[in-house]
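# Examining the three-dimensional arrangement
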Amino acid sequence: MLTSKTFIKKTKTGKILKIVREHYLRDDIACGAESCIVCEGPSTLEADCTSQSEMCSDLHFLCPDTNVILHQIDVLEDPRIRNVIILQTVLEEVRHRSLPIYKRLRDILCNPDKHFYSFCNEFNKHTYVEREPGESSNDRNDRAIREAAKWYNQHLQTNTQGEIQTLLLTNDADNRKKALDQGLKSYTIHQYVRSLKDGKDLVDRLSLAGSKVFSGDKVQYPEHLPLSVIQKGLKTGKYRQGKFMASRENYTEANVSVSEEEKMIFIQGLQHLNRAVHDDIVAVEMLEEEDWSCPSSMILVHTENKDDTDEEEEEKTLEKKRRKVPKELRQPTGKVVGIIKRNWRQYCGMLQPSMLKQATRHLVVTADKKIPKIRIETRQAADLMSQRIVVAIDSWPRTSRYPQGHFVRKLGNVGDKETENEVLLLEHDIPHASFSEAVLNCLPKLPWEITKEDMERREDFRDLDICSVDPPGCTDIDDALHCRDLPNGNLEVGVHIADVSHFIRPGTAIDKEAERRGTTVYLTDKRIDMVPELLSSNLCSLRSNVERFAFSVIWELTHDAEIVTTRCTKSVIKSKAALTYAEAQMRIDDPKMSDPVTKSLRNLNSLAKILKKKRIDKGALTLASNEVRFQIDSETHDPIDVETKQIRDTNSMVEEFMLLANVSTAQKTLQEFPDCSCLRRHPIPPPSNFDPLIKAAQSKGFKIDVSSGKALADSLERAVIPDDPYFNVMLRIMTTRCMTQAVYFCSGMLPPTEYLHYGLAAEIYTHFTSPIRRYSDIIVHRLLAVCIGADASYPELTDKYKTQAVCNNLNYRHKMAQYAGRASVNLHTHIFFKNRQVDNEGYVLFVRKNALQILIPKYGLEATLYLDSKAVTFEYDEQEHSQTCGNVVFRVFDRVIVQLTIDQSNVQHLKLQTKLVEPKIEGFSVPPAPPLEDSGEEPPPKKMKT
């Protein structure tokens, strides 16, 4: 059967086009019911596994409308909700309105245990409906859903044994009334879930979108403008569109990042934030220039021990203290006038204790400081009070101080290490589920061996004195090196990288999963692999004394590190040694050792020093970060000691040759593929980024020149205080924070002038040297293999738009992996201090109006020392950025002694507490901590590569 529609369309050039759309209808589309005696096809719906409903005791299937899917996906994912018909009309509407929920729905449809069935009602001649004249698209779709439910009822009654009913689930009152008038059984999702005998706890998961349960009568926020008004304002320039970025340090402030504008728009005050949530796309109206402001120096965060009244008082106090900001400090400031797109996700958090014992309405304090508290309704408060939970936001009415949401699930006890690890993985959107069967089926079968055909296509480097140098305990060894003398007096240097692309072929399940994950994530106590362990720790790992496939870059260098020739080739290697940085350094420093591997290391080290000097002379930055290494108890896996990461010459040696390999491969791929190479750039930071650094250095009498990378590097080199060696380290740490994010990009999407990597002072750069743990490197390997004729190309490899889309995902995944790693260090720091009380040397990093932010080098930790004492008074000088109490003055870079302990007064949530020891302030200082007891003789376990 065929239906057709004809349209007349006028083109821009004035031509008239006649467009005919044909729609084919069939009568053989299966209903999916196992007990149906006439339909041939998959039998997904099983009447005997229907949830037990007190409201509908007969056997039944569920047919939800689009809004039920969009708002109640958390309920539908529960194992107890089964036998659900997903109509094509609904599936397409969901896909257009929310891609994340569409993907979740597709996952449910693929799960055979859920018994969800996708029915193509738009191509079934019995269920297809034409849109009537004057009928809205939404009304037509509602009618199509009712028609499909009606057909199912008639079809099942006629063609199945035993009566099976189809229940239409909709929260739309008009749609439900029409369904009931047609003789259909229809309920709201709330009615149905509340009727389930085995699903009382599911009630908490029901979304309250559109509900006024928590709304008061008082209007607390301005009304959002409709999208039609916003779109007109964007065209005229009255409004600006950007990404809302909430502050971590003050929940009453945020910035909006507007594309193609160097400076972000500053937003201050809850009224001006106007219910925007971090990552939302918002419309902003600029304030008059005399009303522009700047970030407050107050630290203001949501905590579970502050109720609404406390926070309202804080906000009122802050509002009173706000005054006209001097012109030189003002930043472009605006206010949110509308929401263009909500980017809400599920959030981890914990319940705030309620003053009422039997209360069902509770506030959830989110783990992410950028997210406001969320109000939910739950009857499980007694059980959830000591739990980490997951919640979702449903709406944020003007009359509600906080967004309204619902409970999704519980994760485990607060403070439990596994639970907290799960929280940080969820909060940073790290894919960490086990690899699927489809992915594992892509792995080579064991025992794996190198064949004669493999050797014919590769160069044989098994006789070379190749070795790897990595952190202790590293199992994913993806790089190795060699250096040997050439007859002409020059040196041959080789960087050999694991040939992961040999095992991961384009378009396979394992390739898609690696692309989705983007990178391996390193936590303090474990690693979330990008590829399965068989590859990451075995077949692709360049372990010693085993033959492995490699992708090699070979240079001929003079003894002055000048490159004579460069070539790339696929190879087979057999590493002679897998060394740690310390072991390699010992070999280099030991004059008694003169074996071939040691000689190779000495030559590599000498060349690396020359290469590094050349880079620095060119303007490369040498920055600093406060990295630490935990010693982990082998049984409890808890941290027993912590030390600052030690940097040796061998660290720099490996780094220099990896940088050289990355530059060489970038040049090669760009030459062959000028429009689709995967490169990495580090944009030049805008001058305003360096303001905190410049002011901090000026306080100690140093001038920082940021006119170029070379000028900045030279300024940092000169800024030295002889009797304070850590001052220069602090400056370099602050400089790191002024940098923009380095990003992957496709060469065809930007002009060559923007390829620069600012931090490395490299005109072109990419990532080639870590394909086990970075998907970007796999793309580069594939491009390079095509360049040298070692592999064939494929359409997506040379599609610049596809490459840029992959780069965008990689940038996001790389950033989230970094944040997750830092969060893991913070978690283990908290665990380490749980039963300790330690005095530590620290340095003032920032001076705030109500606190000092202090860097503690030994633990790589940034702690906040609040200055809210009733016994003493601190005076804040905004111009000098100092705090004064009596004759004690605190400025940036000042050395202090602080005591770190875990505040155990709040049993529900243990927090790291910072107290001042030196300089002593009467009524504010604390006595020195007792010395730590010896932690035992057990040697520290090995640490994975970071």
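Residues numbered from 1 in each chain as written. Predicted model: local features only at pLDDT ≥ 70, side-chain atom pairs only at ≥ 80, totals over all residues. Heavy atoms only, no water.

Per-residue pLDDT for the protein chain has a mean of 87; in total, 90% of the residues score no lower than 70. This stretch, residues 927–946, has a pLDDT under 50; its non-local contacts, to residues over four places away or in other chains, come to 40 contacts. (pLDDT = per-residue confidence, 0-100. Contact = heavy atoms within 4.5 Å.)

Among the six residues that make up strand 13 (residues 346–351), five are buried, leaving the element largely enclosed by the rest of the structure. Bridge count for strand 13 against strand 16 (residues 387–395) is four bridges, and the pairing is antiparallel. Note on strand 16: the bridge partner recorded for C348 is V390. (Buried < 20%, exposed > 50% of the residue type's maximum accessible area, 1.4 Å probe, protein only. Helix = DSSP H or I, 4+ residues; strand = E, 2+ residues; numbered from the N terminus. Pairing = 2+ DSSP bridges.)

The biggest cluster of nonpolar side chains holds 77 residues, and the ones touching the most others in it are L535, L601 and F657. If you tally residues by element for this core, the top one is helix 22 (residues 775–787), at eight residues. Among all residues touching F657, those that are not within four sequence positions of it are L481, V493, V495, W555, L557, L604, L607, A608 and L611. Core analysis: the next-biggest nonpolar cluster, separate from the first, contains 53 residues, L693, F702, F832 and F890 among them. (Core = buried A, V, L, I, M, F, W, Y, C linked by side-chain atoms within 4.5 Å.)

Attention shifts here to the sheet that holds strand 33 (residues 861–866). Here five strands make up an open sheet; going across it, the order is 33-32-31-37-38 and the pairing antiparallel. A single partner strand is all that each edge strand has here, and the edge strands are strand 33 and strand 38 (911–918). When the angles between neighbouring strand axes are averaged without regard to direction, this sheet yields 45°. Lying on the sheet, helix 21 (residues 726–738) is in contact with strand 31 (838–847), strand 32 (851–856) and strand 33; it crosses strand 31 at an angle near 55°. (Axes fitted to C-alpha atoms, helices over the stretch in contact; angles between N-to-C directions.)

I101, Y102, L105, I108 and L109 are the residues of helix 3 (residues 99–109) that are buried. Buried residues of helix 3, viewed axially, fall in a sector of 115°; they line one side. With respect to the buried face of helix 3, the exposed residues turned more than 90 degrees away are P100, K103 and D107. Lining the buried residues of helix 3 we find helix 1 (66–76), strand 4 (84–87), helix 2 (88–97) and strand 5 (116–119). (Arc of directions from axis to C-beta.)

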